[in-house]
Amino acid sequence: MSQSLPFQFRVSEENLADLRERLRRTRLPDEPPLEPWSTGTSIGYLRNLLAYWRDDFDWRAQEAKLAAFRQFTVPLAGIDLHYLHEEGRGPRPLPLLLSHGWPGSVWEFHRLVPMLTDPVRFGADPADSFTVVAPSLPGYTLSFKSGQPRFGVEEIAEVFAELMTDVLGYARFAAQGGDWGAFIASRLAHQVPQRMIGIHLNLLPLRRDPALLQQATPAEAAFREQLNHWLKEEVGYQWIQGTRPTTLAVGLTDSPAGLAAWIVEKFRAWSDNDGNPERAISRDDMLTNISLYWFTGAIGSSFWPYYARMHRPWPIPDGATIDVPTGYAQFPREILRPPRSLAQRMFTNIQRWTELDRGGHFAALEQPETLAHEIREFFRPLRSA
C-alpha cells in the first residue's frame, strides 16, 4: 500500500523575485473600442490587478494560511497526489471527498473546510461534522510535476477511489464537487456505487446537446436557450484547451499576465458579481489561486480533462443512471442550470434540490456558509445508512 508523506508548499525567494520581474516587464495589448470585458478580460482591470500582484500582494501570508491545513502526498498512478486531510470534530465525522475543478485549486476550500470539520465553531451541530479529504486534481497545482502522466475524469475518479479506500481506509464515503468535481463525484457514483454514501453537487454534469431537448417542457425550452447561448458565446476556452492545449500552455506558462488574464476572466464571467469579480471573490483569493498555477507551472496539464473530454465519450455513459442518494445546490450564476426534469433522467435518487438566490460557479469561495449548510442538510439523514 502506498504511504502518505506530510507536505508543505513553500515558494523560494528566487521564484517570487522572478514573478515580480516578469510582471514589471509586462506588455499589454490595447483595449478594443467596445465595452470592457465584452471581448475577454478588461485590459484596464488587468493592468490594476497586475500592479497589485507585483507590488502589494502578500504571497507569504496566503502561503501560511494554506500551510495551516494538514497536507500530504502519496504516490498513486505514477504521480505524487497532493491532498488536504482534516479530521472532523464531532461524535461521528463523515468522510467527505471534496473535489475542485478548473481553473480552481484546493485554495477554493480554505473557508469551507473548517465549516465542515468543526461545525460548532460556526454555530452548527457537532453531529454534522465531516472529516474532509480535498485532493489537488492530478495535473493541477500541487499534484503536478513536469513530465508526469495526464488524467481525464475517468482516471481521476479511479485515483480518488484508491486514495479514499486503499490509502485512507474509508470503505464508504461521501463526495461533493462543482465543475470537474461534479463530474468526478458522479463518475465515482457510477463506477463504485457500493462505496458511496451519497454525492452532493453544485453543477450538474449532464450532456450539453440541444438536440436532446426537442420535445421540451417550458422549463426545458428555457434551458435550451441558455444552453444555445453558452455553446455560441462561452465555450471558446474549452475548444482550445481541448484541442490545442500545448500551444496555449506555452504563453500562459511563460507570462504571468497571460495566465492572470485567462483565469480572471472566468472568475468574472462565472461568479455573481454585477460586473466586478471582486464583489464575489476577493482580489487576494483570485491571486492566490492564480499564483498556485504560476509557481507550479501546472496550467498546461490542468487542461487535460478538456482534451480527454473532447476525444472520448461523455464520462457518464449514454443511458447510464446514477442511483446513489444525490443532492444539488443550484446557485443563480452557475454557468448552466438544467431543470430538475432533465437531471432526474440521469440522477434517479435526488433527495435534496435547492435553488439559491445568491452565488455562482465558485460556490466555495463566493458563498461558503451557504454551501456548508447545504452539504450538512443533505448528508444528515444519510449518516446512519
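Attention in this report is confined to the structure presented alongside it.

Conventions we followed
- Residues numbered from 1 in each chain as written.
- Predicted model: local features only at pLDDT ≥ 70, side-chain atom pairs only at ≥ 80, totals over all residues.
- Heavy atoms only, no water.
- Helix = DSSP H or I, 4+ residues; strand = E, 2+ residues; numbered from the N terminus.
- 1 Å grid on protein atoms, 1.4 Å probe; cavity = no way out; pocket = protein on both sides within 12 Å on 5 of 7 lines; lining within 4 Å.
- Points joined across faces, edges and corners; volume = space filled by probe spheres on them.
- Nonpolar A, V, L, I, M, F, W, Y, C, P; charged D, E, K, R; others polar.
- Phe/Tyr/Trp six-rings, centres within 6.5 Å; stacked < 30°, edge-to-face > 60°.

## Describing unusual backbone geometry
A cis amide bond links Trp 102 with the next residue in sequence, Pro 103, at an omega value of 0 degrees. Inspection of the secondary structure puts Pro 103 in the loop between strand E4 (94-99) and helix H4 (112-117). The phi dihedral of Asp 179 is positive, around 50 degrees, even though this residue is not glycine. Following the sequence through the fold, Asp 179 ends up in the loop between strand E6 (173-177) and helix H6 (180-191). The phi angle at Asp 274 is positive, at roughly 55 degrees, despite the residue not being glycine. Relative to the helices and strands, Asp 274 resides in the loop between helix H10 (256-270) and helix H11 (283-296).

## Examining the layout of surface pockets
Reported here for the largest pocket is a volume of approximately 700 Å³. Sorting elements by how many residues they give to the lining of the largest pocket places H10 first, with eight residues. Per-class residue counts for the lining of the largest pocket are 10 nonpolar, 10 polar and 10 charged. Put simply, the second largest pocket is a space of about 440 Å³. Tallied by class, residues from the lining of the second largest pocket come to 12 nonpolar, one polar and five charged.

## Brief notes about the packing of aromatic side chains
Enumeration according to the criterion identifies 21 aromatic pairs in this entry. Ring centres of Trp 102 and Tyr 306 lie 5.9 Å apart, and the angle between their planes is 85 degrees; on these two criteria the pair is classed as edge-to-face. One end of the pair, Trp 102, is in the loop between E4 and H4; the other, Tyr 306, is in helix H13 (residues 304-310), with 204 residues separating them in the sequence. For the ring pair Phe 267 and Phe 362, a centre distance of 4.8 Å and an interplane angle of 50 degrees mean the geometry is tilted. On the criterion of sequence distance, the pair formed by Phe 267 in helix H10 and Phe 362 in the loop between strand E9 (350-355) and helix H15 (363-366) is long-range, its members being 95 residues apart.

All we've got here are geometric facts, nothing functional implied.
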